[in-house]
Amino acid sequence: MQTVFSIAVDALAYGMVLFVISIGLSVTMGLMRVVNLAHGAFAMIGGYIASYAARDLGVGYAAAVLLAVVGTVLIAIPIERFLYRRIYGAPELTQVLMTIGITFCVIGIANFVFGPTLKTIPLPETLQGSVDLGFRSIATHRIFAIACGLVVAGGLWFLIERTAFGIKIRASVDNASMAAALGVRTEIVYAVSFAVAIGLAAFGGVVGAELLPVEPYYALRYMVTFLVVVSVGGAGSILGALLACLLLGAIDTTGRYLAPEYGEFFFYLAVIIIVILFPRGLAGRFK
């Protein structure tokens, strides 16, 4: 019973961390039609900034998270302006080559500036320890990660479905030229959407550092995992991404608990089966 409970909690926390990071990639691929293989690099940048702020500058955890998100977005803005705008609407191979190049550049800079070692982000006392439920205790950080995932899911749904900006996003996606003719500044919509996606990646990189450790090859190590979430959930689908993360998180965590010698075999086996059964993703594009 305790093993089942531990698997469930760890799977839920892991799935929510994947969601917070991957939903930004789902936005750029589904809404903006950009295959951004550098998405994990921005999550890694967020983790490095938070680690440096907390360990070297001595700021608190909340301030480190804020600095990580804001700092990563500020780094991403000129990259979006001078690089990504050149590949909006370009062939997918062009997008892949551009963004994988950005990924390797970020990896090289991270190795040069911070070294090849793993970077930790000290947790505050409130996120250390565990919460006693009587029959079982849950690590406080796991609860925090789950809560963050739920808040991000609800916030994104509200942004896209219940705000004027969300209407502009959907209009730009459906017909960019018509939206522009009606007065929608599509370049601003894309820039803000990109900033939101990158901010979420940085936030997820910090919140999930306990489960996905920050190190120089983070961007490559988890690139396929983030792409798998988008593929299984359906690009641009908030609900699909959430379902994909929870399902794949449960499968991967269960496999690692019960059959660790198989590594990620069960994870990728599940991916193959799901893609065959649901070629357009679990939920399709969120509308």
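Positions within a chain are numbered from 1, following the residues in the order the chain's sequence is written. Predicted model: local features are reported for residues with pLDDT of at least 70 only, side-chain atom pairs are reported and counted for 80 or more only, and whole-chain, interface and lining totals are derived from all residues. Note: side-chain values were computed over all heavy atoms of the structure, leaving out hydrogens and water.

Quick notes on the overall build of the protein
Basically, it comes down to this: We count a stretch as a helix when DSSP gives it H or I for four or more residues in a row; a strand needs E for two or more, and each element gets its number in order from the N terminus. Our radius of gyration looks at C-alpha atoms and nothing else; its globule reference is 2.2 Å times the residue count to the power 0.38.
Check the secondary structure of the protein and you find 12 helices and two strands. When the helices and strands of the protein are placed in sequence order, the string is α-α-α-α-β-β-α-α-α-α-α-α-α-α. Expected size for 287 residues packed as a compact globule is a radius of gyration near 19 Å; at 19 Å, the protein falls within 12% of this value. Expressed as lengths along the three principal axes of its C-alpha atoms, the size of the protein is roughly 60 × 45 × 35 Å.

Notes on helix α8 (residues 186–207)
The line we're drawing: To estimate how far a helix should reach, multiply one less than its number of residues by 1.5 Å. Three labels apply to residues, based on accessible area from a 1.4 Å probe with only protein chains included: buried if under 20% of the type maximum, exposed if over 50%, partly exposed otherwise in between.
Across its 22 residues, α8 extends 31 Å between first and last C-alpha, which sits within 8% of the 32 Å expected from 1.5 Å per residue. Counting buried positions along α8 gives 16 out of 22 residues, so the element sits mostly inside the fold.

Considerations on the packing of aromatic side chains
Here is the rule: Stacked, edge-to-face and tilted labels apply to pairs of Phe, Tyr and Trp rings (six-membered ring for Trp) whose centres lie within 6.5 Å, assigned for plane angles under 30 degrees, over 60, and everything in between, in that order. A ring is scored as having a charge over it whenever the NZ atom of a lysine or the CZ atom of an arginine sits within 6 Å of its centre and within 35 degrees of its normal.
Here the structure, examined in full by the defined rule, presents 11 aromatic pairs. When the ring of Tyr48 is compared with that of Phe114, the centres are 4.7 Å apart and the planes differ by 25°; the resulting orientation is stacked. Taken together, the residues Tyr48 in helix α2 (residues 39–55) and Phe114 in helix α4 (residues 92–114) connect sequence positions 66 residues apart. A relative accessible area of 31% means that Phe114 is categorised as partly exposed. With a centroid separation of 4.9 Å and 85° between ring planes, the pair formed by Phe267 and Tyr268 is classed as edge-to-face. Note on Phe267: relative accessible area 3%, which makes it buried. Here the aromatic residues Phe42, Tyr84 and Phe194 are joined through ring pairs into a cluster of three or more. Across from the ring centre of Phe82, 5.5 Å away, lies the NZ or CZ of Arg81, which sits over that ring.

Things to note about the side chain of Asp252
Condition: The term polar contact refers here to a pair of N or O atoms within 3.5 Å; inside protein, the definition further demands a hydrogen-donor-capable atom paired with an acceptor-capable atom, and it admits residues adjacent in sequence only when both atoms are side-chain atoms. Contact between two residues is taken to exist if any of their heavy atoms lie within 4.5 Å; hydrogens are not considered.
Checked against the element boundaries, Asp252 lands in helix α11 (residues 238–258). Only 3.5 Å separates the side chain of Asp252 from the side chain of Tyr14, close enough to count as a polar contact. Setting aside chain neighbours within four positions, we find Asp252 in contact with Tyr14, Glu264 and Phe267.

Focus on the packing of helix α10 (residues 223–233) against α11
Rules: Lines fitted to C-alpha atoms define the axes, with helix axes restricted to the stretch in contact, and inter-axis angles between N-to-C directions lie between 0 and 180 degrees. To sort the angles, those under 35 degrees are grouped as roughly parallel, those over 145 as roughly antiparallel, those from 65 to 115 as roughly perpendicular, and the leftovers as oblique. In this scheme, a crossing is called left-handed if the near helix is turned counterclockwise away from the far one by less than a right angle; it is called right-handed if the turn is clockwise.
Packing of α10 against α11 leaves a shortest axis separation of 8 Å and a crossing angle of 120°. The angle between α10 and α11 places the two elements in the oblique class. Pair α10 / α11 crosses with right-handed handedness. Contacts between α10 and α11 involve Val228, Val229, Val232 and Gly233 from the former and Gly240, Ala241, Ala244, Cys245 and Leu248 from the latter.

Quick look at the packing of α11 against helix α12 (residues 265–277)
For the record, the criterion: When residues are sorted by character, Ala, Val, Leu, Ile, Met, Phe, Trp, Tyr, Cys and Pro go into the nonpolar class, Asp, Glu, Lys and Arg into the charged class, and all the rest, Gly among them, into the polar class.
For the pair α11 and α12, the least separation of the axes is 8 Å and the interaxial angle reads 145°. In terms of crossing hand, the pair formed by α11 and α12 is right-handed. Counted together, Leu247, Leu248, Ile251, Asp252 and Gly255 of α11 and Phe266, Phe267, Ala270, Val271 and Ile274 of α12 form the full contact between these two elements. In terms of residue class, the contact of α11 with α12 is built from eight nonpolar, one polar and one charged.

Considerations on the UniProt feature "transmembrane region" (unreviewed entry) in the protein
For the record, the criterion: UniProt positions are given in the numbering used here, feature names are shortened, and annotations may be inferred rather than shown by experiment.
Residues annotated by UniProt as "transmembrane region" (unreviewed entry) correspond here to residues 6–27, 34–54, 60–84, 96–118, 138–160, 188–212, 224–250 and 262–282. The distance from the first to the last C-alpha atom of residues 60–84 is 33 Å, and the span holds 88% helix and 0% strand.

Comments concerning the state of the cysteines
Applicable threshold: Here, the term disulfide refers to a pair of cysteine sulfur atoms separated by no more than 2.5 Å.
In this structure the tally under the stated criterion is zero disulfides. Lacking any disulfide linkage, Cys148 is separated from the closest cysteine sulfur, that of Cys245, by 14 Å. Note on Cys245: relative accessible area 0%, which makes it buried.

Details of the pattern of salt bridges
Note the following rule: The term salt bridge refers to a side-chain nitrogen of Lys or Arg lying within 4 Å of a carboxyl oxygen of Asp or Glu.
Scanning the model with the defined rule gives six salt bridges in all. For Arg85, the salt bridge identified is with Glu80, shortest N-O distance 3.2 Å. Of the residues examined, Arg85 reaches a relative accessible area of 31% and is grouped as partly exposed. Note that Glu187 and Arg185 form a salt bridge whose closest N and O atoms lie 2.6 Å from each other. Overall, Glu187 belongs to the partly exposed group, its relative accessible area being 31%.

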